[in-house]
Amino acid sequence: MSLSEITFFERFEADILSGKKTITIRDATEKELEPGSIVQLSTFEDGRWFAAIKVISVVPVRYGELTTYHAKQENITLAELKLIIGDIYPNVDQLYVITFELVVDGKA
């Protein structure tokens, strides 16, 4: 199964559009994203489309293995990252780092 759309909380939109956020950390429901695929992004809150990304890689990572490097790619601190991930995915240890780049010309 290949996903063609994923959602982000609105608070991450500006960082994605500016290129400051270059990864997303998700649970197993989105591990099937394929490198090279174009994925449409919309807001979690209201489903509003705001960008398209190209998936670069999908790499498994455990919650306890998250580092300041991951946090920097998320444009937040490690403490913030662990708090956000813990809130979104409580009791989930196996996560997936999805590295992406913004598709500049909009919908692909």
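Quick notes on the rules
Residues numbered from 1 in each chain as written. Predicted model: local features only at pLDDT ≥ 70, side-chain atom pairs only at ≥ 80, totals over all residues. Heavy atoms only, no water. Core = buried A, V, L, I, M, F, W, Y, C linked by side-chain atoms within 4.5 Å. Buried < 20%, exposed > 50% of the residue type's maximum accessible area, 1.4 Å probe, protein only. Helix = DSSP H or I, 4+ residues; strand = E, 2+ residues; numbered from the N terminus. Contact = heavy atoms within 4.5 Å. pLDDT = per-residue confidence, 0-100. 1 Å grid on protein atoms, 1.4 Å probe; cavity = no way out; pocket = protein on both sides within 12 Å on 5 of 7 lines; lining within 4 Å. Points joined across faces, edges and corners; volume = space filled by probe spheres on them. Salt bridge = Lys/Arg side-chain N within 4 Å of Asp/Glu carboxyl O.

**Focus: the nonpolar core**
Nonpolar side chains in soluble globular proteins generally cluster together in the buried interior. By size, the foremost hydrophobic cluster in this structure holds 26 residues, and its most contacted members are I6, F8, I25 and L41. Among the elements of the structure, β1 (5–8), β2 (23–26), β3 (38–43), β4 (49–62), α3 (78–88) and β5 (94–102) are those that each provide at least two residues to this core. With five residues, the top contributor of residues to this core is β4. Non-local contacts of F8, meaning those with residues more than four positions away in its chain, are made with I16, K21, T24, R26, L41, S42, T43, F44, E45, F50 and F100.

**Observations regarding unusual backbone geometry**
Of all residues except glycine, most have a negative phi; of all peptide bonds, most are trans. Of note, the phi angle at N75 is positive, near 65°, even though the residue is not glycine. Here N75 is to be found in the loop between α2 (68–74) and α3. Although it is not a glycine, N91 sits at a positive phi angle of roughly 65°. Among the structural elements, N91 can be located in the loop between α3 and β5. Relative accessible area serves as the criterion here: at 84%, N91 is assigned to the exposed category.

**Things to note about the confidence of the model for the protein**
When pLDDT is averaged along the protein, the result is 92, and 94% of the positions lie at 70 or above. Here β1 is the element of the protein with the lowest mean pLDDT, 94, and β5 is the one with the highest, 97.

**Quick word on the layout of surface pockets**
Summary: where empty space remains is shown by rolling a probe the size of a single water molecule over the atoms. If you add up the space inside the largest pocket, you get close to 250 Å³. If you go around the largest pocket, you meet 16 residues; those closest to its centre are T7, F9, R26, I88 and Y89. Broken down by secondary-structure element, the contributors of at least two residues to the lining of the largest pocket are β1, β2 and α3.

**Some remarks on the pattern of salt bridges**
Counted according to the given criterion, the structure contains four salt bridges. The partner of D93 in a salt bridge is R62, with the nearest N and O atoms 3.0 Å apart. Of the two residues, D93 sits in the loop between α3 and β5 while R62 sits in strand β4, which places them 31 residues apart along the sequence. Residue classification places D93 among the partly exposed residues on the basis of a relative accessible area of 37%.

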